[in-house]
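# Inside the fold
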Amino acid sequence: MPRHRLLALSLLILCAVAAPILAAEPTSRAPILLVAAEDLEDSNFSGTVVLVVFPTGGPPTGVILNKPSELAVKDAFPDDQQLRTHAEKVFFGGPVRLDVLTYLVRNTKSPKEGYKLLDNLYLTQDAGYLDSLLAKRGKVERFFLGTAVWMQEQLDAEIAAHQWFVLPADLDSILNTHPETLWRSLLAKATAVET
């Protein structure tokens, strides 16, 4: 590949990877769960389950559901008045945009920015919506720092190389299964489907 094309491709990937979740963007297909294969060696994704959305016109984007950190929300954002009382653990959402707070919220009123997942569950980075929600003592299901982002071709190649199993996203896995057991539980389900 000529050097100028390689540079242009590298810049395109860098821009896509650095992009935050965009405003109220529709998705091109239903969200999925990526379940890491046992031999996946990437330290960011080994033993993980990733909730992935497919923005129309954007790269697949998601958050890791089963990597809680030791950091509490209030300690991650000590200057934020609304988050000062939140002792919930922040999850490591992925290696991209570690400075941005992403969260899962279940509400009948949608945020202006973010993606609808299932049954009034949204994945968003909408700070104004979060402030309004917390002012009304609303509930956030889970907080994340960082996201996971792929170019579509990259994700397709990783799935074809059996680095990931793909399952449809479901509320029980996203909200109710304990993070410590989520990967093993879904791996067993995915490999049972594969055989």
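Below: a short report on this structure. Since we're looking at a predicted model, the values are computed, not measured.

### A closer look at the overall build of the protein
For the protein, the count of helices and strands is six helices and 10 strands. Long-range pairs, those at least 24 residues apart, make up 65% of the contacts in the protein between residues at least 6 apart in sequence. Carbon and sulfur atoms provide 55% of the accessible area of the protein, an area that totals close to 10500 Å².

### Some words on the pairing of strand S8 (residues 121-124)
Burial along S8 is two-sided: Leu-121 and Leu-123 facing one way and Tyr-122 and Thr-124 facing the other are all buried. Pairing geometry for strand S6 (residues 96-106) and S8, over four bridges, is antiparallel. Across the sheet, the residue bridging to Tyr-103 is Thr-124, located in S8. Bridge analysis of strand S7 (residues 115-116) against S8 gives two bridges, and the strand direction is antiparallel.

### Let's talk about the packing of aromatic side chains
Going through the model one piece at a time under the given rule, you end up with four aromatic pairs. Summarising the aromatic geometry, the rings of Phe-45 and Trp-164 are spaced 5.7 Å apart at their centres and angled 75° between planes, so their arrangement reads as edge-to-face. Here Trp-164 lies in strand S10 (residues 164-168) and Phe-45 lies in the loop between strand S1 (27-36) and strand S2 (49-55), a separation of 119 residues in the sequence. According to the relative accessible area criterion, Phe-45 is buried, its value standing at 9%. Through a chain of ring-to-ring contacts, three or more aromatic side chains come together here, namely Phe-45, Trp-150 and Trp-164. For Arg-29, the ring lying beneath its charged end belongs to Phe-54, and the centroid distance is 3.9 Å.

### Points about the nonpolar core
Core analysis: the largest hydrophobic core is formed by 39 residues, its most contacted members being Leu-33, Val-50, Leu-51, Leu-65, Leu-104, Trp-150 and Ile-174. Breaking this core down by element, the ones donating at least two residues are S1, S2, strand S3 (61-64), S8, strand S9 (140-149), S10, helix H5 (171-176) and helix H6 (179-194). Ranked by residues supplied to this core, first place goes to S2 with six residues. Every residue in contact with Ile-174, bar those within four places of it in the chain, is listed here: Leu-33, Leu-51, Leu-65, Leu-104, Leu-118, Leu-121, Arg-142 and Ala-169.

### Quick word on the pattern of salt bridges
Oppositely charged side chains can pair when the atoms bearing their charge come close. Applying the stated criterion across every chain, the model contains three salt bridges. With its nearest N and O atoms 3.6 Å apart, the salt bridge here joins Glu-141 to Lys-139. Judged by relative accessible area, Glu-141 falls into the partly exposed class, the value being 26%. Here Lys-139 falls in the exposed class, since its relative accessible area comes to 57%.

Parameters at a glance
Residues numbered from 1 in each chain as written. Predicted model: local features only at pLDDT ≥ 70, side-chain atom pairs only at ≥ 80, totals over all residues. Heavy atoms only, no water. Helix = DSSP H or I, 4+ residues; strand = E, 2+ residues; numbered from the N terminus. Contact = heavy atoms within 4.5 Å. Areas by Shrake-Rupley, 256 points an atom, 1.4 Å probe, with all protein chains shown as cover. Buried < 20%, exposed > 50% of the residue type's maximum accessible area, 1.4 Å probe, protein only. Pairing = 2+ DSSP bridges. Phe/Tyr/Trp six-rings, centres within 6.5 Å; stacked < 30°, edge-to-face > 60°. Lys NZ or Arg CZ within 6 Å of the ring centre and 35° of its normal. Core = buried A, V, L, I, M, F, W, Y, C linked by side-chain atoms within 4.5 Å. Salt bridge = Lys/Arg side-chain N within 4 Å of Asp/Glu carboxyl O.

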